Structure formats: C-alpha cells, structure tokens
Amino acid sequence: MIITRGIAVRLGLVVIGCVLLQVSFFSYLSLFGTTPDIVPLVVISLGLFGGAVVGAVIGFATGLLLDSVLLQTLGVSSLVLLSVGYLAGRYREGTEISNSLVPLLLIGALTTAAAAGFAAIQITLGVDAPVSLLVLREIFVQGLLAVLLAIPLYPLIRRILRPALVDSATVGRGRSPIRAGTTRPRRVRGRRIRRAAGVS
Amino acid sequence: MYRKQVRRRRAVLVLLVVVALVLLSTQFSESQGGPLHSMQRAVASVFGPLEEGASRALKPGRDLVNWVDETFSARGQNGDLKSEVQDLRNQLAKSQSAEGENEQLRKLVGLDRGGTLAGYKPVTARVIGRSPTVWYSTVTVDKGSSSDVKLNDPVVDGDGLVGRVSDVTHGTAEVTLITDNRSAVSARVLPNGPEGVAEPEVGNPDALLLDFIDRNQAIHQGQLVVSAGWSNGSISSAFPPGVPIGKVSDATVGEQETYQRVHVTPFADMRNLDFVQVATGGPKRPGVAQ
C-alpha cells in the first residue's frame, strides 16, 4: 500500500467510522446470542491490504481510540488489535492471496484469536471468570459473525483504499482481493493507441 | 534492503507492544485524576457528540435487526409470560393491601419516603454508546458533570437497577452495568429472604449470580431480588435499598460448597437500553467516592 496524505486521511476516517459504528450500532445488536465486533475485522482487513507495519499501527491506534471512547483500561484493546493487524499483514507479505475466500477465512480465524486474546488478558488482569462454555461459545461465534460481516465490509474497505493498493503483476487476471482495479486505464490507453494508428 | 525492512518492521512491533504495556500498567496504578485518565476523558468528551449523532441516526437500523432477533425469541417466551402475568396479578392484589398498611405504619414511625429513589434527583439520559465485549459491560450516556452527574451515582431504567456511574466527563458519563465483571451489588431476596452479593455471570450478559447465600436457605424460582443498600456506618453500598434487580431463575447447591449459587435474571434489558435515569444528588453514603 502506498501511503500518501490522502490515504492517511482515508485510513483515519475508516478507523473513526469503524469505532463509531461499533459503539453506536453493532454493540447493541444480538446475533446468535452474542454481539458482533467489527473492530478486529477492520484492523485485519487493513493489515491484509497494507502489510504488517500498517496493520500493527492501525491496530494500536484503533485500540487506543476504542478504549478512550469507552473509558476502558487503556492498552488492552491496543495490544490485541496490533497483534492481529501485524499477523494479517505478515500473511499478506509472505503469501500470495489468489482465492477470494482466503481473506474471509483469515478474518474469521484472526477475530477468534483476538477474542481469545482479549479473554486471556482479562483473566490475567484478575477477572474472576471460569473458562466456561459460555465464554468459549462467545469467542467462537465472534469469529463466525466476523466471516459473515466481512462479506460486505472487506470489499467496501478495498474500495475505499483502492487508489493506494499496488496491483500485483503476479496475480494475473484472476479475481484477487488485492487487485487495485487498474484494467480500465489499460483499455483506455489501447483505444488511444488504436485511434492514433487510425484503426476504428 | 530486505533486512532493513525486517528490522524496521520488528522495531515498530516491539515499540507498539511496549507502549501498550506501559499504558496498561500506568493506568492501573494511576488515580482517577491522573494524566492518562484526563486524556481519556478529553477524547471521550470530543467523541460524545459524534456518538450521540451516530446513535440517533442508526437507531432505526438497530431496532430493525433486534426486532427480527426478538421475534424469534418472543415466540418461546409467550407461554411463560402468560402464566407469569397470572401469578403477578395475584401478587399485586396482595401487595396493594400490604402497601396501605405499610403507609400507615411509616407515618406512625415518622418515615416519609415516597419510593426507592426518594431523596435523589433523577436525571434522564440517553444511551449513546456501549462496549462491544462481554468483558466490559459499560454504556455511555449523554449526561455528565454539567447535569450534576457524579461518580458512583446509581443508574436505573423503567424495569430496575442498571448500574452505577464509573466515570464522568463534562457532557457524558460511563455507566458500569451490574452485568460488568467489576460490578458487585449487595442484594436481598424478597419477601424475607437472605442478603448476598449479586455478581455477573461472566460470558452471559443476561444473567447474575447471587453469591454468599447460605446453602440451607430456601430460595425459590421467581422470587424477587432487590438492592440491599447495605451500610455499617463507615462503608456502604453505592445503591439505595429496595431497587428491583431481577428475579431468581434457578438455585443450585454443590455438595462441598458452603453457599448456594442463585441465578438471577435482571429485570433491565442490558442489551437494549435507550434511556436511563441517573439518580443524582442523593444522600451521602459513607465510603462511596463522589
């Protein structure tokens, strides 16, 4: 991802919008007995688009903002989100994503890991909670919901960040989630060449 | 070049992890008026109006999604509620006659309390944000210190006890719900039941556990649980006595345990709070910070 000033603004707006949407909308919903959490989903998506450093920095900043807005213990969400953002980015840097299902499954797995990490930190901090089936169900369902929510949200984030995404030449013409959508300008250029050559 | 990139990436990761850990440990050891808490309140104050706007704008969408979810669960609850209404009608008839007697007796002993929140000034507040996890059950309301809301003020809704104010900014306040893992409410089982401590059942935001109830005490399903308003002169509960909390859904006793585990279903629907009342300006409660 190429970070320009405009893209940095877009990233900031995505983070703020995501936190506002979470605390004002998704936190009120009850789906399959649990509350959907889009914050890890957005951080993982940005890690997948931007790489490890972008994922970690965005994760840290998003966690800090979330903890500040909700007046929670600072650092807890940051620690969890920067970890999943970094891991998503490392996956993106080390592996070619050629199947559009891979990001969705990765988002599900890393959201489950984030929920488990959050639970582990809370228990370490002294929350007297038995590792009950309820907690395990909550963690599992969070991952499942993240996969479902990623279906519309992941392409939306890609669309927002499209100008910053570098089209990978190795991806070819397949429908890859990391494509930057640069096929249209090529066609325009071809038309111009044809016009210049006098071919109608 | 590649090695440089790897070094940079690792350095960023380590730096961020260290900063997060420093923030975490510093905030734990810091007082409420410390710099990190102040910074947090400043951010919350800035985001307060944004949250309020987003909350209002997104309410129809929330209601629609919850309506679908509730329609499925309401089918199962219908039969149970019909029989409960019958029981409650019988109880109402009994309690109305008891209320008349109670009023006369109160006048006799010189007490004149209008209700459980008598002596408080209720401030109605809109819920504008809430925490997404089961580990923190908190909501943000749109009234703060500018409306006389203070730390540890009790918060109720039309159904019962909701929680207490755990942080205040100028225009907003954070309410820690009774289902939060940091919450513990001294509670009493009605009519003549014992007192215990109502704590959250972690992982289940719709349930409370009433602890420290002797195993030999007879507790039945459907009994009401209210706040005990416990005080020993130097320390006391943050909640006034008699505020409805919930009803007993189940009571179990382990073979080796001294106390029984009483499961309580809260009256207030913690997932669908829109408006709450913050009971401000109440009597001083010893040991409760304000």
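Described below are features of the structure shown in this document. This structure is a prediction, so every number in the text was calculated from the model and none was measured. Each residue is numbered by its place in its chain's sequence as written, counting from 1. Just so you know, chain letters begin at A and ligand numbers begin at 1, following the order they were written in. Local features are withheld for residues below a pLDDT of 70 in this predicted model, meaning they are given only at 70 or higher, and side-chain atom pairs are given and counted only at 80 or more; totals for whole chains, interfaces and linings count all residues. Values shown for side chains rest on all heavy atoms present in the structure; no hydrogens or waters enter the calculation.

## A few points about the nonpolar core
- Take the buried Ala, Val, Leu, Ile, Met, Phe, Trp, Tyr and Cys residues and link them wherever side-chain atoms come within 4.5 Å; each set so joined is a nonpolar core. Burial classes follow relative accessibility: with a 1.4 Å probe on protein chains only, a residue under 20% of its type's maximum area counts as buried, one over 50% as exposed, and anything between as partly exposed. Membership of the largest hydrophobic core comes to 70 residues, with the highest contact counts inside it found for Ile44, Leu46, Leu48 and Ile107 of chain A.
- Of all the secondary-structure elements, those providing two or more residues to this core are helix H1 (5-24), helix H2 (38-50), helix H3 (52-69), helix H4 (76-94), helix H5 (101-124) and helix H6 (133-160) of chain A together with helix H1 (2-29) and helix H2 (35-109) of chain B.
- Here, two residues are considered to be in contact whenever any of their heavy atoms come within 4.5 Å of each other. Discounting chain neighbours no more than four positions away, the residues touching Ile107 of chain A are Leu41, Ile44, Ser45, Leu48, Ala146, Ala150 and Tyr154 of chain A.
- Grouped together as the second largest cluster of nonpolar side chains are 40 residues, Val189, Leu208, Leu210 and Val276 of chain B included. Helix numbering and strand numbering both begin at the N terminus, where a helix is a DSSP run of H or I of at least 4 residues and a strand a DSSP run of E of at least 2.

## Examining the sheet that holds strand S9 (residues 224-227) of chain B
- With antiparallel pairing, the 6 strands of this closed barrel are ordered in space as S6-S7-S8-S11-S10-S9 (chain B). When strand polarity is set aside, the average angle formed by the axes of neighbouring strands in this sheet is 40 degrees. Strands pair, by our definition, only if DSSP identifies at least two bridges between them. Axis definition: a line fitted to C-alpha atoms, over the contacting stretch in the case of helices. Angles run 0 to 180 degrees between N-to-C directions.

## Concerning the pairing of strand S8 (residues 208-214) of chain B
Residue and element names in this part refer to chain B.
- Where strand S7 (residues 195-200) meets S8, 4 bridges bridge the pair, whose relative direction is antiparallel. The partner of Ala198 across the bridge, within S8, is Leu210.
- Of the strand pairs in this sheet, S8 and strand S11 (residues 259-266) are connected by 5 bridges, and their pairing is antiparallel. In the sheet register, Leu209 faces S11, and the bridge partner there is His263.

## Points about the sheet that holds strand S2 (residues 138-141) of chain B
Residue and element names in this part refer to chain B.
- On the basis of which strands lie adjacent, the closed barrel formed by 6 strands has the order S1-S2-S5-S4-S3-S12 and antiparallel pairing. Averaged over all neighbouring strand pairs, the angle between strand axes comes to 45 degrees, with direction disregarded.
- In this sheet, strand S5 (residues 173-177) lies alongside strand S4 (residues 161-168) in antiparallel orientation, the contact comprising 5 bridges. Residue pairing for S5: Val165 is matched across the bridge by Val175.

## Quick notes on the interface of chain A and chain B
- Contact residues are listed per partner, giving 52 residues for chain A and 52 residues for chain B.
- Once two parts are put together, the accessible area they lose, assessed with a 1.4 Å probe and summed over both, is termed the buried area. Here chain A packs against chain B, burying approximately 4,800 Å² in sum over the two surfaces, 70% of which is carbon and sulfur.
- A pair is scored as a salt bridge if a Lys or Arg side-chain nitrogen falls within 4 Å of a carboxyl oxygen belonging to Asp or Glu. Counting across the chain A and chain B interface gives 1 salt bridge.
- Salt-bridge contacts for Arg9 of chain B lead to Glu93 of chain A; the nearest nitrogen and oxygen are separated by 3.1 Å.
- Think of a polar contact as two N or O atoms within 3.5 Å of one another; within protein, one of them needs to be a possible hydrogen donor and the other a possible acceptor, and neighboring residues in sequence only count if both atoms come from side chains. At the junction of chain A and chain B, the tally comes to 11 residue pairs in polar contact (both at pLDDT 80 or more).

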